[in-house]
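Remarks on the overall topology
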Amino acid sequence: MREESIPRNPGPVHESYIKIQDLNAFYGNLQVLKNIRLDFQEHQVSAIMGPSGCGKTTLIRILNRMNDDVPGFHIEGNVTIQSLDIYGRQVDPVLLKMRVGMVFQSPNPFPFSIYENVAFGPKIHKLFKRKKELNRIVKESLQRAALWDEVKDRLAESAMKLSGGQQQRLCIARALAVQPEILLMDEPASALDPGSTSKIEELIVELKQNYTVVIVTHNIQQAARIADSVVFLYKGEVVETGRAPTFFENPSNPMTEKYLSGQLSSV
Amino acid sequence: MVKRYGDTVYKSLTLIVAASSILFIISAVAVLLFNAYPSIISNGLGFFTSANWNPSLSGTVETVNGIHRLTGSSFGILVFIADTLASSAIAILLAVPAGLGVAIFLTEVAPRRIAAPISFMVEMLAGIPSVVYGFWGLIVLGPYLFNTVEPYLAEHLSFIPIFSGPISSPGLLSAGIILAIMIIPIVASISRDMMARTPKESREGAKALGLTRWEVTRRIVLPYAKTGIVGSIVLGLGRALGETMAVAMLAGSGVQVLPKSLYYPFSTIASYMVLNLDAALTDPSGMYLSAIMELGLVLLAITVTVNVAARLLIKQGFASSSENVVRV
Amino acid sequence: MQIESEKDGEGPKGSDIARKLPWQDPRVLFRYKLRRLADKMVVAVTILAVVVVLYPLLDILFMFFYRGALAISIPRLTGLTLQFGLANAIVGTLLLVSLSTIIAVPLGVLGGIYLAEFSAQDQMSKTFAGTVRFLSDVLSGMPSILLGYVGFLILVIDFGWGLSPLAGGLILSILMLPYVIKTTELSIRKVPLKLREAATALGATKTQMVNRMTFPLALPGILTGIILSMSISIGETAPLLFTAGFSNYYPCGLTNCQVGFLTYIIYTFAKIPTTDSLSLAYLSAFLLISFSLVLNMTARIGLRRLSKI
Ligand SMILES: Nc1ncnc2c1ncn2[C@@H]1O[C@H](COP(=O)(O)OP(=O)(O)OP(=O)(O)O)[C@@H](O)[C@H]1O
Ligand SMILES: [Mg+2]
């Protein structure tokens, strides 16, 4: 594996951390992403927006090679993380997922206890020597996911008993427990009530101190609240990218303006 | 009013017909019980605890407590029970890893265009009549085991009691292997259906944590499908316990001794029943036939229990589409 | 479990660089290599399982198709078993399957209609339907040899039908019944509720609704179930030995006349090591496998579609 030999380069904060060049993506013959060029910066929250069916999920799933197993799916172009071509032959897609964690649209905890859900990844990868260390990882992950206080007395209970918002934060803790560098989130709050949503939003802002976050969202207010940079995708193409406040205040493309004013609901 | 009258007639008609399957079962059980009655009374508990099955057809008719039987006859079914259980156990031991291996290959490993034809072929195994399996066992598998595999096993594994000789004829092992081949499609296709029902969300959640394919299978898919898989194995067991023709064709003369090794000749309950009706009819006292009917009741009790357990397990593990097409 | 919280304003950059991430840890990577090896080995084992399972199938198909094809000849196909021909057995098998189908289909289909359409009306119907479903599962799990004995004692002896097509056909039909009932119920239940409601809303009686609406729509599914049950009855042997007997001649009547059938030829002639007998057994096996595989696989493909909701 090449990854072992590449030194981790902290570099200047503004170097593009994830770089997508001339990316085309297909399901069979159907092209769903066209000529994507994008840069995501380290320790920032980058939001991907766009009407339903425009390819947001596809784009984000390309970043940890989740789509590799989808029959008929293939891409052209280049995706690098810290100059490492993640579709290069020397990259193992399983190992890549340790580095690039993912949280899904609807909460999907495993039917185990709360503790076991978080301990699952560390146990698989054997990230600890003693049980004590595992306990620490679990606690730390739950704390980072802002769930610890709510569940610390019921760690042995089934994760299925938690509320939707708690389940989603548990899934975030589960992803954090394997200590990724990058966290991908596909509409993580779309299935949640406003209270849980604002909790998750706060959490995401916290997380960017330690992680690089790429998030898909439909919610314009949400993106404005949490994102450092925004990408607007339409029919598989990047229409506009920008830094957060300017993007929302002065969109340069009329299409973006239309979307932001709610006139573009789907493709 | 006329309309509703028509509906009532229609409903009653279908109801009566639906009841007929109940009627068939009840009358079958009644016939077995009625005919087994003399044996149940006359042989008592010894029927289950003795390994001595001797119809003693040269004996004369004697009457004890109003029940006729031949002098010197003795009916103990331990040998049949032991052979039935042993051959089914061998079958399960072989079929479970093979069937699960196939199921894992079909759901987790193979791409669709390979999985579909293989799946089709595995189901073809279930469509071959059991008498054909018996024929194949008789001319291909039996001789091969007898001439090649069994001598080899006896030579190299004789330190394990069940593998030590002597080798006389195609024995328990051949029955076990034939039964295994027959139940593999049951285990494989139901397990496959159950595994395929694992929610995509759980699979992806695990995959996103960096689990390998096998880890996803072991930690997520197999636990999810567990009940259904156990159900498929129990259903296969039910089929193996009741299988008749394939085993009967391999059973040969049906020497009745408790099996001590894999090479012992054997007689399962079902194979004994199919091979010995004619002999039973020559017993003028009728006790031989009655004892076979009691043997049939025992087989019925075993297979019904096992099947009911299997159906309950499979229902719990969600209804499987294969379950409906499996002849047990 | 005493740890300091990351949230308390600790410099994120500093801690981040010091943190050794798992994907850089040589021990984790080494372990991953082992895990990947395990994965590859499991894949190899499953492929091995497939090979081991398909080997007997291919051997059986190849052997019986090859030897069966070699055994094909006009006298063997048109002659009586008396002269080492199969004509009477082929006719007998067709007769037995037709008889059993004629008996099983109306019973099974009407029973299935009851379960699908009338069983949810009140508590008693529900209990009754549950019992029928349960017992028909039991029936399908019952070793067929038991029905052979029952058939022999009741139909052959008590009813005085003798070893005959009718006794054999009736016993086969009981074996088929659970499958016909089950697939009928499934097929009817698959007909969308909306369509039925629409029909009743137009003033149709339940009978009209079932006969004109549900039944025609469910018919393809019901037919697959019938085909499946026919494939089961064509391959049966054990119960027929005691109810149908065997005859070297063509069937001569429905009762008190033994009838030949293909599975009997295999069962008996396979054990006789002469060329004539074995050829006949091979040819029977060839015909039987062809018939029952075609029926069985047709039904399975249909049923798989049916079971997808
Ligand atoms: N597995 C698949 N096979 C074929 N086409 C697919 C598949 N998944 C998605 N698509 C198609 O690709 C396009 C992009 O889908 P994608 O899920 O990326 O959209 P999205 O922007 O995430 O939409 P939403 O906001 O509704 O989640 C859509 O037209 C969709 O129909
Ligand atoms: Mg999406």
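As the structure is a computational prediction, the values presented were derived from the model and not from experiment. (Residues numbered from 1 in each chain as written. Chains lettered and ligands numbered in written order. Predicted model: local features only at pLDDT ≥ 70, side-chain atom pairs only at ≥ 80, totals over all residues. Heavy atoms only, no water.)

A look at the overall build of chain C
- Looking only at helices and strands, chain C has 12 helices and 0 strands in total.
- Relative to the 2.2 N^0.38 estimate, which gives 19 Å for 309 residues, the radius of gyration of chain C is 29 Å and therefore markedly larger than a compact globule would have.
- The principal-axis extents of the C-alpha atoms in chain C amount to approximately 100 × 65 × 35 Å.
- Burial status across chain C gives 57% buried among its 309 residues.
- Charge-centre separation for chain C: the mean point of 26 positive side chains lies 6 Å from the mean point of 16 negative side chains. (Helix = DSSP H or I, 4+ residues; strand = E, 2+ residues; numbered from the N terminus. Rg over C-alpha atoms; globule rule 2.2 N^0.38 Å. Buried < 20%, exposed > 50% of the residue type's maximum accessible area, 1.4 Å probe, protein only. Lys, Arg positive; Asp, Glu negative; His and termini not counted. Charge placed at Lys NZ, Arg CZ, Asp CG, Glu CD.)

Points about the confidence of the model for chain C
Residues and elements named next belong to chain C.
- On average, residues of chain C carry a pLDDT of 87, and 93% of them reach 70 or more.
- A low-confidence stretch, residues 1-18 stays under pLDDT 50, and its non-local contacts, those more than four residues away or across chains, total 23 contacts.
- Overall fold confidence (pTM) sits at 0.89, and the ipTM for the predicted complex is 0.89. (pLDDT = per-residue confidence, 0-100. Contact = heavy atoms within 4.5 Å.)

Observations regarding the state of the cysteines
Residues and elements named next belong to chain C.
- Scanning the entire structure with this criterion turns up 1 disulfide over all chains.
- Between the sulfur atoms of cysteine 252 and its disulfide partner cysteine 257 the distance amounts to 1.8 Å. Measuring handedness by torsion sign, the sulfur bridge of cysteine 252 and cysteine 257 sits at about 120 degrees and is right-handed.
- The exposure class of cysteine 252 is exposed, given its relative accessible area of 61%.
- For cysteine 257, a relative accessible area of 5% corresponds to the buried category. (Disulfide = S-S within 2.5 Å.)

Focus: the site of ligand 1
All names here are of chain A.
- Neighbouring ligand 1 are the residues Tyr27, Val32, Ser52, Gly53, Cys54, Gly55, Lys56, Thr57, Thr58, Val70, Glu187 and His218.
- In the model, an oxygen atom of ligand 1 is placed 2.9 Å from a nitrogen or oxygen of the histidine 218 side chain.
- The fraction of the free accessible surface of ligand 1 (640 Å²) that becomes covered by protein chains is 61%.
- In terms of residue count, helix H1 (residues 56-62) provides more of the shell around ligand 1 than any other element does, 3 residues in total.
- Each residue belonging to the shell around ligand 1 can be placed in one class, and the counts come to 4 nonpolar, 6 polar and 2 charged. (Near = heavy atom within 4 Å. Polar contact = N/O pair within 3.5 Å; in protein donor to acceptor, adjacent residues only side chain to side chain. Areas by Shrake-Rupley, 256 points an atom, 1.4 Å probe, with all protein chains shown as cover. Nonpolar A, V, L, I, M, F, W, Y, C, P; charged D, E, K, R; others polar.)

A word on the packing of helix H12 (residues 287-316) of chain B against helix H6 (residues 144-158) of chain C
- Packing of H12 of chain B against H6 of chain C brings their axes to within 10 Å, and their N-to-C directions diverge by 140 degrees. Between H12 of chain B and H6 of chain C, the angle is such that the two are oblique. Between H12 of chain B and H6 of chain C lies a crossing of left-handed hand. Together, Leu289, Ile292, Met293, Gly296, Leu299 and Leu300 of chain B of H12 of chain B and Ile145, Leu146, Tyr149 and Leu153 of chain C of H6 of chain C make up the contact between the two elements. (Axes fitted to C-alpha atoms, helices over the stretch in contact; angles between N-to-C directions. Parallel < 35°, antiparallel > 145°, perpendicular 65-115°, else oblique. Left-handed = near helix turned anticlockwise from the far one by under 90°.)

A short note on the domain arrangement of chain C
Residues and elements named next belong to chain C.
- Partitioning chain C into structural domains gives domain 1 (17-68) and domain 2 (74-306).
- Of note, the centres of domain 1 and domain 2, computed from C-alpha atoms alone, are 41 Å apart.
- Counting residues at the interface gives 7 residues for domain 1, matched by 7 residues for domain 2.
- For the pair domain 1 and domain 2, the two sides together bury roughly 630 Å², of which 82% comes from carbon and sulfur.
- Between the two partners, domain 1 and domain 2, sit 0 salt bridges.
- Remark: the boundary between domain 1 and domain 2 carries 1 residue pair in polar contact (both at pLDDT 80 or more).
- Class assignment for the residues of the side of domain 1 that touches domain 2 results in 5 nonpolar, 1 polar and 1 charged. (Domains from an automatic or database assignment. Buried area = accessible area lost by both parts, 1.4 Å probe. Salt bridge = Lys/Arg side-chain N within 4 Å of Asp/Glu carboxyl O.)

A short note on the confidence of the model for chain B
- Looking at chain B, the pLDDT average stands at 88 and 94% of residues meet or exceed 70.
- Below a pLDDT of 50 lies the segment residues 319-328 of chain B, which in the model reaches 48 contacts outside its immediate sequence neighbourhood of four places, other chains included.

Some words on the pairing of strand E2 (residues 30-41) of chain A
Residues and elements named next belong to chain A.
- With 8 bridges joining them, strand E1 (residues 16-27) and E2 adopt antiparallel strand pairing. In the strand pairing of E2, isoleucine 18 is matched with phenylalanine 40.
- Between E1 and E2, which pair antiparallel one after the other, the connecting turn spans 2 residues, and glycine 28 there sits at a positive phi close to 60 degrees. (Pairing = 2+ DSSP bridges.)

Let's talk about the interface of chain B and chain C
- Opposite the 86 residues of chain B that make contact, chain C presents 92 residues.
- Here chain B meets chain C over a buried area of about 7900 Å², counting both sides, of which 76% is carbon and sulfur.
- Here chain B and chain C share 3 salt bridges between them.
- A salt bridge links arginine 300 of chain C to glutamate 123 of chain B, with the nearest nitrogen and oxygen atoms 3.7 Å apart.

Notes on the pattern of salt bridges
- Inspection of the entire model under this criterion finds 27 salt bridges over all chains.
- Between aspartate 68 of chain A and arginine 65 of chain A there is a salt bridge; the shortest N-O distance is 2.8 Å.
- The shortest N-O distance in the salt bridge between glutamate 181 of chain A and arginine 99 of chain A comes to 2.4 Å. Here glutamate 181 of chain A is found in the loop between helix H6 (164-176) and strand E7 (182-186), whereas its partner arginine 99 of chain A is found in helix H2 (residues 93-99), with 82 residues between them in sequence.
- Each of Glu123, Arg192 and Asp193 of chain B together with Arg300 of chain C takes part in one network of salt bridges that share partners.

Digging into the environment of alanine 126 of chain B
- Here alanine 126 of chain B is to be found in helix H4 (residues 112-127).
- For alanine 126 of chain B, a relative accessible area of 27% gives the class partly exposed.
- When neighbours within four sequence positions are excluded, alanine 126 of chain B is seen to be in contact with Pro185 of chain B together with Arg300 of chain C.

Description of the sheet that holds E1 of chain A
- Taken in spatial order, the 4 strands of this open sheet run E2-E1-E4-E5 (chain A), and their pairing is antiparallel. Because the sheet does not close on itself, it has two edges, and the strands there are E2 and strand E5 (84-85) of chain A.

Points about the sheet that holds strand E8 (residues 212-216) of chain A
Residues and elements named next belong to chain A.
- A sheet is described by the order of its strands in space; here 6 strands give the open sequence E6-E7-E8-E3-E9-E10, paired in mixed fashion. The sheet is open, and its two edges are formed by strand E6 (100-103) and strand E10 (237-243), each paired on a single side. On average, each strand axis in the sheet is inclined to that of its neighbour by 15 degrees, with strand direction left out of account.
- Inspection of the sheet shows strand E3 (residues 45-49) paired to E8 by 4 bridges, in the parallel sense.

Let's talk about the nonpolar core
- Ranked by internal contacts, the top residues of the largest apolar core, which has 250 residues, are Leu142 and Ile172 of chain A, Trp53, Val132 and Phe135 of chain B together with Phe64 of chain C.
- For this core, the domains that each give at least three residues are domain 1 (17-68) and domain 2 (74-306) of chain C.
- Within the second largest apolar cluster, 34 residues are counted, among which are Ile48, Ile62 and Leu184 of chain A together with Ala208 of chain B. (Core = buried A, V, L, I, M, F, W, Y, C linked by side-chain atoms within 4.5 Å.)

Section: helix H7 (residues 194-207) of chain A
All names here are of chain A.
- In this model, H7 (14 residues) spans 20 Å end to end at C-alpha, consistent with the 20 Å of a helix rising 1.5 Å per residue.
- Taken as a whole, H7 has its buried residues at Ser196, Thr197, Ile200, Glu201, Leu203, Ile204 and Leu207. The buried side chains of H7 occupy one side of the element, clustering within an arc of 165 degrees when seen end-on. In H7, the exposed positions that point more than 90 degrees away from the buried face belong to Pro194 and Glu202.
- On the buried face of H7, the contacting elements are E3, helix H4 (131-144), H6, E7, E8 and helix H8 (220-226).
- Among the residues of H7, the N-terminal cap falls to aspartate 193, whose side-chain oxygen and the backbone nitrogen of glycine 195 are separated by 3.1 Å. (Expected span 1.5 Å × (residues − 1). Arc of directions from axis to C-beta.)

Examining the packing of aromatic side chains
- Inspection of the entire model under this criterion finds 28 aromatic pairs over all chains.
- Ring geometry for phenylalanine 110 of chain A against phenylalanine 120 of chain A: centres 4.8 Å apart, planes inclined by 55 degrees, an arrangement best described as tilted. With a gap of 10 residues between them, phenylalanine 110 of chain A in the loop between E6 and helix H3 (114-125) and phenylalanine 120 of chain A in helix H3 connect regions that are remote in the sequence. We note that phenylalanine 110 of chain A, like phenylalanine 120 of chain A, is buried.
- Look at tryptophan 53 of chain B and tyrosine 272 of chain B: their rings are 5.3 Å apart centre to centre, the planes differ by 80 degrees, and that puts the pair in the edge-to-face class. Separated by 219 residues along the polypeptide, tryptophan 53 of chain B in strand E1 (residues 53-54) and tyrosine 272 of chain B in helix H10 (residues 269-275) bring together distant segments of the chain. With respect to class, tryptophan 53 of chain B is no different from tyrosine 272 of chain B; both count as buried.
- The side chain of lysine 126 of chain A reaches across the aromatic face of phenylalanine 128 of chain A, ending 4.7 Å from its centre.
- The ring of phenylalanine 110 of chain A has arginine 174 of chain A lying over it, and the distance from NZ or CZ to the ring centre is 4.2 Å. (Phe/Tyr/Trp six-rings, centres within 6.5 Å; stacked < 30°, edge-to-face > 60°. Lys NZ or Arg CZ within 6 Å of the ring centre and 35° of its normal.)

Let's talk about the side chain of threonine 243 of chain C
- Within the secondary structure, threonine 243 of chain C sits in helix H10 (residues 238-243).
- When its relative accessible area of 0% is taken as the criterion, threonine 243 of chain C is described as buried.

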